[in-house]
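What follows is each chain in one-letter form.
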Amino acid sequence: MAGDITKGADTATGSSRLSFGNLRVGTRVATGFVSIVILLALACGFSFMAVKSISASLGRLHESIEVEDRVRKVDRDFLDMRRYVREFGISGHASALAGAEKAEVAVRQSINSAIAETRAPDRLDKLRKVQTLFDTYAAQFHRVADLHAAEETFVSREIDPLGEKLQQGLETLFDIGQGEGNSDQLKASGSAIKSLMTMRLQLDRALERHDASAAKSYAVAMSELNAFAPKLQSAYEATDHGASVSAFYVTVASFNAVAAKALKADEEIVSLIDTSMAALAMEIAQLAADAVHVSESEQEQIEQGTIKAIENVMASVLGLGVAGLMIACVLAWFIGRGLALPIQRITATMKSLAQGALDVDVPAQDKRDEIGEMARAVQVFKIQGQRARELESEAAQARKTAEEERTKADAERAAVAREQADVVEQLGVSLAALASGDLTTRVRDFPDAYRQLATHFNDAVDKLEQTMSIIAGSSLGMQSGAGEIAQASDDLSRRTEQQAASLEETAAALDEITATVRTTAQGAHHAQNVVATARVGAEKSGEVVQRAVAAMSEIAKSSTEIGQIIGVIDEIAFQTSLLALNAGVEAARAGEAGRGFAVVASEVRALAQRSADAAREIKTLISTSSNQVAAGVTLVGETGAALTRISTQVQEVAGIVTEIAASAQEQATGLQQVNTAVNQMDQITQQNAAMVEEATAASHSLKSEAERLQAMIARFTLAGTAGRPSVEVMRPRQAMPKRTVAATRGNAARKLEPAQDDWAEF
Amino acid sequence: MSSNQASPATRELMLFRCDGREFCLDIMQVRDIRGWTPATPLPHAPDYMHGVINLRGQVLPIVDMSTRLGCARTRPTDKHVIIVAQTGDRIAGLLVEAVSDVMTVASDQIQPTPDLASALAKSYVQGVLAIEGRMICMLALDQILPPSAELAA
């Protein structure tokens, strides 16, 4: 298809002069694009078909893999069953039998599902064959199972009872030998028992394990037992027990016949399992492997086919793409060339026509497209141009006469123009100087006609210069002022920060003081309590003193009474003494007769004397005691007075302490208020600091703005630098703000310094 | 009476104190010893006559011994004692400070009044007893008591 298109393009080039070249431009472009679109549609269709076929082959691949999977499952399940069958063959266990039967069901299911999945007929045939073979295998297996069951019944029903009977027969013989005390009989029967045991054991093993060597051992043991027959016979005939021996050997013969039957059945089982079933199994496995193999090769085939198809599609799409690109390029070249060439030619013709070469030929007039129309229009232009040239040559004559008049006027005009040029040049120079910032520039020596212009220009520049001078001065002042403000703002900011810090410290100190005052108030309250307690104590002490005074008075009273009593005693003693003296006198008068009485009287007098003395002493003591009691009363009274004074003073102290407590409380309240105020101050200071910060930033930006203004103004050259008188006049005005700035600065400095001191103090 | 017989050997003396000094009398001349009872003064009586008291219904003149022995007049208290003495038929009460003792002394212990003393003094003092370092005058009651004429008057 791509080849067709190329061929079409070739034919188009060949006949371009006649057919393609005469098509209209739009048609040509549309033709090109339509062919490219057709090509693209073809490529898309082809790609779709290819992808569809790949999808189909992928489906087939999927099916094949699925089937392979099923077949593998059959193989796996069958292997399982074989394992169980083998185990059963060896052990004969019921569990192995059950496993084998279960596996059989599984194999059947797998085979059925594999057949259901498979579509390919040859594979289906193979699977059906597998199914048939497996049926045979299963039948044989069932046969084996039946045989095994029969053998088991046979063993339990016939072999075992016969064996028991043999054993009993021999034991009877042994017992007979023992009863007779015949050593020959004992020996023979013992050996026979041993052989019988071996024989039974080997038979059991042969039947149980399907063991061929055990079967042989059984035959050997049997012949051995038979070999004992004559010996037994001869040994027991001596004691008339020969009949028992012959009966035993009849049983032996029947046992042997039964055992041979059982062994034969066993052999059949072994041969079935080992030969027939094994062969079947091999065949089934081979078939399954074949099926798997076929599936694998089929898959490989499909895979390769798919890869090939993909490669084909890729190659085709690539080829189509390249072909399409080439065709598009060729078409674009042809269309572009078909349009551009005639247009270039017509353009060249038009250029030469514009230059006045009216004798050129206009190409492509015979074309029927838009270019042809254009060419025909150009031809019209050309004819008109030729006509105009003829008219022009006529007018040239008339123009020549006018030319001479014009040259005369031109000379005059040139003079004027020179003057004008001169003026313009000067003005230009001045304006250039002005533009470069030189405001000292002036224009001079203008012709009379332009004198007023010069004056106006000079006036304008003068005005501008004055203005700029003033601006320069102001900006200088502004710059220095802005600098001052920035400096001041910095200082203010720093001090505000210091103030804020001090205020914070003050707040902290105030907090401490508040705490201290509160403690003081508490202490004062405590002291108040203590003082009250002291006052109560003092009052109690006063009462105690009163009681002590009363007690003292009582003592004094008692002393007085004692003194009176003592006086009575003294009186009595005195009277007694007088009586004794009288008695003594009477005794002395009585003479010798009264001698004894005189002694008694003397004794009584002595007693009276002693009693009087004692009374006197007591009196003295009592009076001393009375004096001391009196002194004590006085002292106690003084103590009472002192206590009363103390009480009064304590009262005063209590009052003072209460006042102290109240004032401490007030102080605390006041301090709290002060604290609040300080905190507010702190806050305000913080806000001030922030504002000052902003002001500082603003002043700095103002400063930089002023500097920029200064720099901009410095770009202008002013008369100040040239030393022109007009600028001299300006100077004082310019210097004025400077001086005021200086003055204010001085003032500010003077004002600031004490302020700084104050702050430092603060 | 027996005491008169025994007088050569021993004598019983009553010691009393008057105006701080000790004097003594023969106990046989003492009739009674009494406590002070206020005496009724006698007008125009000698200053050593303190007055009279009622002694069991009998008017008994009281002689202030201190004044009588040339010292100041006694201001009697409860502690003062009246010694009722008798010589012959004259009886009077002697106001003294106190009766201090009754003692028995040997007669030779009473020494005669020295001659150096005046006749008046010698008439009042019968003898001086020096005993245990003390000098005690034994008064002559006859001289001390007022004459009976005066007493009778």
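Residues numbered from 1 in each chain as written. Chains lettered and ligands numbered in written order. Predicted model: local features only at pLDDT ≥ 70, side-chain atom pairs only at ≥ 80, totals over all residues. Heavy atoms only, no water.

Undergrad: How would you sum up the overall build of chain A? Please name residues and give values.
TA: A tally of regular secondary structure across chain A gives 14 helices and 0 strands. When the helices and strands of chain A are placed in sequence order, the string is α-α-α-α-α-α-α-α-α-α-α-α-α-α. Relative to the 2.2 N^0.38 estimate, which gives 27 Å for 762 residues, the radius of gyration of chain A is 79 Å and therefore markedly larger than a compact globule would have. With the C-alpha coordinates of chain A rotated into their principal frame, the extents come out at 200 × 195 × 35 Å. Counting across all 762 residues of chain A, residues that qualify as buried make up 31%. Counting contacts in chain A only where the partners sit at least 6 residues apart, residues at least 24 apart contribute 78% of the total. Entry remark: accessible area of chain A is about 46,100 Å², with carbon and sulfur atoms responsible for 60%. (Helix = DSSP H or I, 4+ residues; strand = E, 2+ residues; numbered from the N terminus. Rg over C-alpha atoms; globule rule 2.2 N^0.38 Å. Buried < 20%, exposed > 50% of the residue type's maximum accessible area, 1.4 Å probe, protein only. Contact = heavy atoms within 4.5 Å. Areas by Shrake-Rupley, 256 points an atom, 1.4 Å probe, with all protein chains shown as cover.)

Undergrad: Before we move on, can you summarise the sheet that holds strand β8 (residues 98-106) of chain B with the specific residues and values?
TA: All names here are of chain B. The 6 strands are arranged β8-β1-β2-β11-β10-β9 in an open sheet whose pairing can be described as mixed. Looking at which strands have only one partner, the edges of the open sheet turn out to be β8 and β9 (110-112). On average, adjacent strands in this sheet sit at an angle of 35° to one another, irrespective of strand direction. The sheet contact formed by strand β1 (residues 10-18) and strand β2 (residues 21-26) spans 6 bridges and is antiparallel. Looking at β2, one finds that Arg-17 is bridged to Glu-22. (Pairing = 2+ DSSP bridges. Axes fitted to C-alpha atoms, helices over the stretch in contact; angles between N-to-C directions.)

Undergrad: Kindly report on a nonpolar patch on the surface, identifying the contributing residues and their values.
TA: Residue and element names in this part refer to chain A. There is a patch of nonpolar side chains on the surface, built from Leu-318, Val-322 and Met-326 and spanning about 310 Å² of accessible area. Locating Val-322 in the fold gives a position in helix α9 (residues 242-355). The exposure class of Val-322 is partly exposed, given its relative accessible area of 43%. (Patch = residues over 30% accessible without salt bridge, like charges linked within 9 Å, V, L, I, M, F, W, Y side chains within 5 Å. Salt bridge = Lys/Arg side-chain N within 4 Å of Asp/Glu carboxyl O.)

Undergrad: Requested: an account of the environment of A:Asn529, with residues and values cited.
TA: Residues and elements named next belong to chain A. Within the secondary structure, Asn-529 is located in helix α11 (residues 451-590). With relative accessibility at 40%, the residue Asn-529 sits in the partly exposed group. Sequence separation of Asn-529 and Leu-431 is 98 residues, and the distance between their C-alpha atoms is 102 Å.

Undergrad: Residues and numbers for the interface of chain A and chain B, please.
TA: The interface of chain A with chain B comprises 13 residues on the first partner and 20 residues on the second. Summed over both sides, the interface of chain A with chain B buries roughly 1,400 Å², with 52% coming from carbon and sulfur. Summed over the three residues of chain A that lose the most area to chain B, namely A:Phe574, A:Leu581 and A:Arg589, the buried surface amounts to 36% of that side. Applying the counting rule to chain A against chain B returns 3 salt bridges. (Buried area = accessible area lost by both parts, 1.4 Å probe.)

Undergrad: Any chance you could break down the packing of aromatic side chains for me, citing the residues and the numbers?
TA: One pass over the structure, following the stated rule, counts 7 aromatic pairs over all chains. Ring centres of A:Phe134 and A:Tyr137 lie 6.3 Å apart, and the angle between their planes is 25°; this geometry places the pair in the stacked category. Of the two residues, A:Phe134 and A:Tyr137 are both situated in helix α5 (residues 121-180); the distance of 3 residues between them amounts to about one turn of the helix. Exposure remark for A:Phe134: the relative accessible area of 1% places this residue in the buried category. By relative accessible area, which is 2% here, A:Tyr137 ends up buried. Three or more aromatic residues link up through ring pairs in this structure, and these residues are A:Phe78, A:Phe134 and A:Tyr137. The ring of A:Tyr84 is capped by A:Arg83, whose NZ or CZ atom sits 5.1 Å from the centre of that ring. Just above the ring of B:Tyr48 sits the side chain of B:Arg68; from NZ or CZ to the centre is 4.0 Å. (Phe/Tyr/Trp six-rings, centres within 6.5 Å; stacked < 30°, edge-to-face > 60°. Lys NZ or Arg CZ within 6 Å of the ring centre and 35° of its normal.)

Undergrad: Before we move on, can you summarise the pairing of strand β4 (residues 49-55) of chain B with the specific residues and values?
TA: Residues and elements named next belong to chain B. In terms of residue burial, β4 counts as a mostly covered element, since 6 of its 7 residues are buried. Where β4 meets strand β5 (residues 58-64), 6 bridges bridge the pair, whose relative direction is antiparallel. Counterpart to Leu-55 in the pairing with β5 is Gln-58. Two successive antiparallel strands, β4 and β5, enclose a turn made up of 2 residues, where Arg-56 displays a positive phi of approximately 50°.

Undergrad: Give me the lowdown on the packing of α11(A) against helix α12 (residues 595-714) of chain A, citing residues and values where you can.
TA: All names here are of chain A. Close contact between α11 and α12 brings their axes to 1 Å; oriented N to C, the two are set at 175°. The angle between α11 and α12 places the two elements in the roughly antiparallel class. The class makeup of the residues in the contact of α11 with α12 is 67 nonpolar, 41 polar and 14 charged. (Parallel < 35°, antiparallel > 145°, perpendicular 65-115°, else oblique. Nonpolar A, V, L, I, M, F, W, Y, C, P; charged D, E, K, R; others polar.)

Undergrad: Go over the sheet that holds β4(B), please, and point to the residues and values.
TA: Spatially, β3-β6-β7-β5-β4 (chain B) is the arrangement adopted by the 5 strands of the open sheet, whose pairing is mixed. If you trace the sheet from one side to the other, it starts and ends with β3 (30-35) and β4 of chain B, each paired once. The sheet shows a mean angle of 30° between the axes of neighbouring strands, taken without regard to direction. Taken together, the 3 bridges between β5(B) and strand β7 (residues 90-96) of chain B define a ladder with parallel strand orientation. By the bridge assignment, B:Val63 is partnered in β7(B) with B:Leu94. Along the sheet, α11(A) contacts β3 and β6 (81-87) of chain B; its crossing angle with β3(B), the most-contacted strand, is approximately 175°.

Undergrad: Explain the pairing of β6(B) residue by residue, including any values.
TA: Residues and elements named next belong to chain B. When you tally the buried positions in β6, you get 6 out of 7 residues, the bulk of the element. Relative to β6, β3 is paired through 5 bridges, and the arrangement is antiparallel. From the neighbouring strand, Gly-35 faces β6, where its bridge partner is Val-81. As judged from the 7 bridges shared by β6 and β7, these two strands associate in the antiparallel manner. Residue pairing across strands places Val-84 opposite Gly-93, the latter belonging to β7.

Undergrad: Can you break down the nonpolar core residue by residue, with the values?
TA: Residues and elements named next belong to chain A. In this structure, Ile-159, Met-199, Leu-203, Tyr-218, Leu-225, Tyr-249 and Phe-255 are the most contacted members of the largest nonpolar core, which totals 35 residues. Elements supplying a minimum of two residues to this core: α5, α6 (183-209), α7 (212-227), α8 (229-237) and α9. Of all hydrophobic cores here, the second largest spans 34 residues; its members include Met-81, Val-107, Ile-115 and Ala-291. (Core = buried A, V, L, I, M, F, W, Y, C linked by side-chain atoms within 4.5 Å.)

Undergrad: Kindly report on a negative patch on the surface, identifying the contributing residues and their values.
TA: Residues and elements named next belong to chain A. Taken together, the side chains of Glu-152, Asp-160, Asp-204 and Glu-208 define an acidic patch exposed on the protein surface. At the level of secondary structure, the elements contributing two or more residues to the negative patch comprise α5 and α6. Assignment of secondary structure puts Glu-208 in helix α6. (Lys, Arg positive; Asp, Glu negative; His and termini not counted. Charge placed at Lys NZ, Arg CZ, Asp CG, Glu CD.)

Undergrad: Can you break down the environment of B:Met49 residue by residue, with the values?
TA: Residue and element names in this part refer to chain B. Relative to the elements of secondary structure, Met-49 occurs in strand β4. Taking the relative accessible area as the measure of exposure, Met-49 reaches 11% and is therefore buried. Sequence separation between Met-49 and Leu-95 is 46 residues, and the spatial gap between their C-alpha atoms is 9.8 Å. The contact partners of Met-49, leaving out residues within four places of it in the chain, are Pro-61, Ile-62, Val-63, Arg-73 and Pro-146.

Undergrad: Go over unusual backbone geometry, please, and point to the residues and values.
TA: All names here are of chain B. In the Ramachandran plot, His-44 falls in the positive-phi region, its phi being about 60° despite a non-glycine side chain. The residue His-44 is located in the loop between β3 and β4 in this model. Given the relative accessible area of 86%, His-44 is considered exposed. With phi around 50°, Arg-56 is a residue other than glycine that occupies positive phi space. Here Arg-56 is to be found in the loop between β4 and β5.

Undergrad: Let's hear about the pattern of salt bridges: which residues, and what values?
TA: Residues and elements named next belong to chain A. Inspection of every chain in the model, using the stated rule, returns 27 salt bridges over all chains. Ionic pairing is found between Arg-108 and Glu-104, a salt bridge with its closest N-O pair at 3.2 Å. With a gap of 4 residues between them, Arg-108 and Glu-104 both fall in helix α4 (residues 94-117), about one helical turn apart.

Undergrad: Lay out the confidence of the model for chain B in plain terms, naming residues and giving numbers.
TA: For chain B, per-residue confidence averages 83 on the pLDDT scale, and residues scoring 70 or more make up 90% of the total. In the predicted structure, residues 1-7 of chain B sits below a pLDDT of 50 and forms 3 contacts with residues beyond four places in sequence or in another chain. (pLDDT = per-residue confidence, 0-100.)

Undergrad: Can you break down α11(A) residue by residue, with the values?
TA: For α11(A), built from 140 residues, the straight-helix expectation of 208 Å at 1.5 Å per residue is met to within 8% by its first-to-last C-alpha distance of 196 Å. Once α11(A) ends, the next one or two residues include A:Gly591, with phi positive near 80°. (Expected span 1.5 Å × (residues − 1).)

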